[in-house]
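Letter by letter, the chains look like this.
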Amino acid sequence: MVSAETIGSIFIKVFKVVSIQIQYESVINIVVLIIYRTGYGGDFLGIGGTWNLNEEKSPDAEIVASGVFVGFIIYTGVQLLTFGFGTTKHKYELSDTIMNVVGTFMWVAVGGTALHYWHGYLAEHDFENITSERTAGLALGALCVINGALYLADSVLAFIHYTKYA
């Protein structure tokens, strides 16, 4: 018998993998990755991560962000396939809860870093406060934090699932 936790978890996983326009969670992951890669007028936007005299982005922050974006697209897709085609054995495992908790912290950390960097970003000329790359960077950070909240909701559902069937 399919439980409410299973249906809720599947819905959140699909929403994490797909796009907002399609109204699934996986979409947010893909939208974030597209903004991250092409948000600077078609060029790499990045999340920033550090302030220095040249306003260069931190390679360490970019590596972590890339890992979070790509890694959790893969993880969420695999979990979604497991729910769709797997047996009920996955309900007894704690790995889904642990990965969702880790995802919550990672998405919020990357989103917070992007929001911090892009909020204080100044354009190259005339000290413009609003630029297309700044707006894209703030949108990227906000979507990352929203995705962190979705992973938190999925963590709660996965934990309920685990305790119900363990």
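Residues numbered from 1 in each chain as written. Predicted model: local features only at pLDDT ≥ 70, side-chain atom pairs only at ≥ 80, totals over all residues. Heavy atoms only, no water.

- Where an unreviewed UniProt entry is consulted, the chain appears under the name MARVEL domain-containing protein, with the organism given as Anopheles christyi.

Description of the nonpolar core
Item 1. With 24 residues, the main nonpolar core has Val32, Ile47, Phe69, Trp107, Val110, Leu140 and Cys144 as its most contacted residues.
Item 2. Within the residue set of this core, elements represented by two or more residues are helix H2 (26–38), helix H3 (59–85), helix H4 (95–119) and helix H5 (132–165).
Item 3. Setting aside residues no more than four positions away along its own chain, phenylalanine 69 makes contact with Val32, Leu33, Tyr36, Ile47, Trp107, Val110, Leu140 and Cys144. (Core = buried A, V, L, I, M, F, W, Y, C linked by side-chain atoms within 4.5 Å. Buried < 20%, exposed > 50% of the residue type's maximum accessible area, 1.4 Å probe, protein only. Helix = DSSP H or I, 4+ residues; strand = E, 2+ residues; numbered from the N terminus. Contact = heavy atoms within 4.5 Å.)

A word on the packing of H2 against H3
Two packed helices can be described by the angle between their axes and the distance between those axes.
Item 1. One way to put it is that H2 packs onto H3 with a least axis distance of 10 Å and a crossing angle of 150 degrees. Here H2 lies roughly antiparallel to H3, going by the angle between them. Here H2 and H3 pass one another in a crossing that is left-handed. Residues Ser26, Asn29, Ile30, Val32, Leu33 and Tyr36 of H2 touch H3, and the partners they reach there are Glu62, Ala65, Ser66, Phe69, Val70, Phe72, Ile73 and Thr76.
Item 2. Taken together, the residues that form the contact of H2 with H3 break down as nine nonpolar, four polar and one charged. (Axes fitted to C-alpha atoms, helices over the stretch in contact; angles between N-to-C directions. Parallel < 35°, antiparallel > 145°, perpendicular 65-115°, else oblique. Left-handed = near helix turned anticlockwise from the far one by under 90°. Nonpolar A, V, L, I, M, F, W, Y, C, P; charged D, E, K, R; others polar.)

So, the environment of alanine 142
Item 1. Following the sequence through the fold, alanine 142 ends up in helix H5.
Item 2. Considering only alpha carbons, one finds alanine 142 and valine 108, 34 residues apart in sequence, at a separation of 9.2 Å.

Thoughts on the packing of aromatic side chains
Item 1. Using the criterion set out here, one finds seven aromatic pairs in the structure.
Item 2. Between the aromatic rings of tyrosine 36 and phenylalanine 44, the centroid separation amounts to 5.0 Å while the plane-to-plane angle is 80 degrees, which identifies the pairing as edge-to-face.
Item 3. Arranged with centres 6.0 Å apart and planes meeting at 80 degrees, the rings of phenylalanine 72 and tyrosine 75 form a pair that is edge-to-face. With a gap of three residues between them, phenylalanine 72 and tyrosine 75 both fall in helix H3, about one helical turn apart. The two residues phenylalanine 72 and tyrosine 75 agree in class, both being buried.
Item 4. Through successive ring pairs, a cluster of aromatic residues spans Tyr36, Phe44, Phe69, Phe72, Tyr75, Trp107 and Tyr151. (Phe/Tyr/Trp six-rings, centres within 6.5 Å; stacked < 30°, edge-to-face > 60°.)

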